Amino acid sequence: LSPFTNTTKQKKSKKEEKFDDSAKMKGISTVRGVRDLLPQLQGNIGAVSSALSRISSLYGCNEISTPVIEVEDLFRRSLGVDSDVVSKEMFSFTDLDGTKVCLRPEGTAGVSRMMINELASESVHQRFSYFGPMFRRERPQKGRYRQFYQGGVEFYGSSSPHADVECISSAIDFLCVCGIQKDKLQMKLNTLFDTDTRRLHRHALLEYFQEHIVSLSPLNEQRVRNGNPLRVLDSKVTGDERVVIDNAPTLNEYATAEGIERHCEVEESLHALGVAFERDHRLVRGLDYYNHTVWEIAPVGRKGVGSQDTVLAGGRYDGLANILGSNRPLPAVGWACGVDRIVLVLEALGQTQQLPTPQVAIIKFPDCSDDIVHMAAATLRDKGISAVSFHGLTHSAQMKQAKNKGIGVFLKLRDKHNWRDVVDECIDAFAAEDKRQ
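Below you will find a few notes about this structure. Here the structure is a predicted model, which means the values were calculated and not measured. (Residues numbered from 1 in each chain as written. Predicted model: local features only at pLDDT ≥ 70, side-chain atom pairs only at ≥ 80, totals over all residues. Heavy atoms only, no water.)

A short note on the pairing of strand 11 (residues 332-338)
Stage number 1. Buried residues dominate strand 11, accounting for 6 of its 7 residues.
Stage number 2. Examined bridge by bridge, strand 6 (residues 147-156) and strand 11 share 7 bridges and lie antiparallel to one another. Bridge pairing in strand 11 links V153 to W335.
Stage number 3. By the bridge criterion, 5 bridges tie strand 10 (residues 312-316) to strand 11 in an arrangement that is antiparallel. Each bridged residue has a counterpart across the sheet, and for A313 the counterpart in strand 11 is A336. (Buried < 20%, exposed > 50% of the residue type's maximum accessible area, 1.4 Å probe, protein only. Helix = DSSP H or I, 4+ residues; strand = E, 2+ residues; numbered from the N terminus. Pairing = 2+ DSSP bridges.)

Set out below in structure tokens:
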């Protein structure tokens, strides 16, 4: 022992003893707004991920992953310092080296950063898909969590309206592959036109809402004073304030002939593809880098998602790369889906994933060694047959466990002399079944 080691046991105070006892008794819960993904939920989320992978392949997208932790300035630039996400909802902290970092609240900015930093010498024509957890400190409710899952598709390199159409088509196809039929979806479509149109519209909105400032809620009043009137248009309000917002100037009043012609091309191509949509001139994005086509998709009748009805939203964002410091133009269009909300819709439609059941239960009799059980299981697995055993249980308890799990084949091992024959017979039976199918 070190000569400086104190070997005298320190007596704890009654307060410390009480704290230790309560710590032992009280369990540790999850952080508010997050949850464990149990097998069924994990399976349902995995099915959505698989659907996105399939669509990615069909549309020529490469799957990528960006870091969960990003430099905070990425989102301060892309989403805006005054946005609700940055000012109220981001999980931000200062790293030990003084860098301000955060948990990513969305995926598009990270993909664009990757495109600018990692692929600067590559062609601008790239297509990506991503899937993973995002984080926002929102008030938890049905379909909204502080750790939530999002998948998305981003098309870079083309400013053509037909890139918008193909991107929308990929979104519809994705939701159909997930298990939601086209006639169960409703899509709202709008155009934000070009930069000049939006600037004129924004100026008109500011003047209009300043004239009606007394009719606005404190939140919308603050949005106007911060110079962000587009966010007011997207407010979920009723009564007199709704009337004021509905009578606000529209983008169409300031649109150019070129902008109108471009959007007509989008609509005509969607009609040709049989994609139904509803024009919604109040559908906006409160961020300056969005332009031209924007859309949102929700289940008909808000099936399963409660008040959070939108399950997928997308748009063109030609200006984002410039905001993030790109040295070259990067026209882009993409969409992101709320995976948790899609899962709720699928559950409401009765389309949950069936959890896999092992094919064989190995039932060990007392005169059979555990080593033989291991070897039998390994032999089955080598042939692609899933097998489980129930260690330390009696024969009847093993049988009960296997039945409870819905396992259809019981492989009973009695002694070391015949186990290989029993296993071979089982393998042959599965092979014969495969041939019949």
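Let us keep going from here.
Observations regarding the sheet that holds strand 3 (residues 92-94)
Stage number 1. One open sheet accounts for 3 strands, arranged 2-4-3; its pairing is antiparallel. One side of each edge strand has no neighbouring strand; the edge strands of this open sheet are strand 2 (69-71) and strand 3. The average undirected angle you get between the axes of adjacent strands in this sheet is 35°.
Stage number 2. Sheet analysis places strand 2 next to strand 4 (residues 100-103), joined by 3 bridges and oriented antiparallel. (Axes fitted to C-alpha atoms, helices over the stretch in contact; angles between N-to-C directions.)

Focus on the nonpolar core
Stage number 1. Of all hydrophobic cores here, the largest spans 50 residues; its most connected members are F75, F128, F209 and L233.
Stage number 2. In terms of residue count, helix 5 (residues 108-118) provides more of this core than any other element does, 5 residues in total.
Stage number 3. Not counting chain neighbours up to four residues away, the residues in contact with F209 comprise L216, V224, P229, V232, L233, V244, I245 and A248.
Stage number 4. Counting residues in each nonpolar core, the second largest holds 40 residues, with A171, I180, M187 and V339 among its members. (Core = buried A, V, L, I, M, F, W, Y, C linked by side-chain atoms within 4.5 Å. Contact = heavy atoms within 4.5 Å.)

A few points about a nonpolar patch on the surface
Stage number 1. Together, V68, I69 and F93 make up a nonpolar patch on the protein surface, roughly 240 Å² of accessible area in all.
Stage number 2. For V68, a relative accessible area of 30% gives the class partly exposed. (Patch = residues over 30% accessible without salt bridge, like charges linked within 9 Å, V, L, I, M, F, W, Y side chains within 5 Å. Areas by Shrake-Rupley, 256 points an atom, 1.4 Å probe, with all protein chains shown as cover. Salt bridge = Lys/Arg side-chain N within 4 Å of Asp/Glu carboxyl O.)

Section: the pattern of salt bridges
Stage number 1. Scanning all chains against the criterion turns up 17 salt bridges.
Stage number 2. D196 serves as the salt-bridge partner of R199, at 3.0 Å between the closest nitrogen and oxygen. Of this pair, R199 and D196 both sit in helix 7 (residues 195-211), 3 residues apart, which is roughly one turn of that helix.
Stage number 3. For D196, a relative accessible area of 44% translates into the label partly exposed.
Stage number 4. Taking the shortest distance from any N to any O, the salt bridge between E433 and R436 comes out at 2.5 Å. Taken as a pair, E433 and R436 lie in helix 16 (residues 419-436) at a separation of 3 residues, close to a single helical turn.
Stage number 5. One continuous salt-bridge network, built from bridges that share partners, spans D164, R262, R316 and D318.

Some thoughts on the pairing of strand 10
Stage number 1. Taken across its 5 residues, strand 10 has 4 buried, putting it largely inside the fold.
Stage number 2. Of the strand pairs in this sheet, strand 9 (residues 291-299) and strand 10 are connected by 5 bridges, and their pairing is antiparallel. In the sheet register, N291 faces strand 10, and the bridge partner there is R316.

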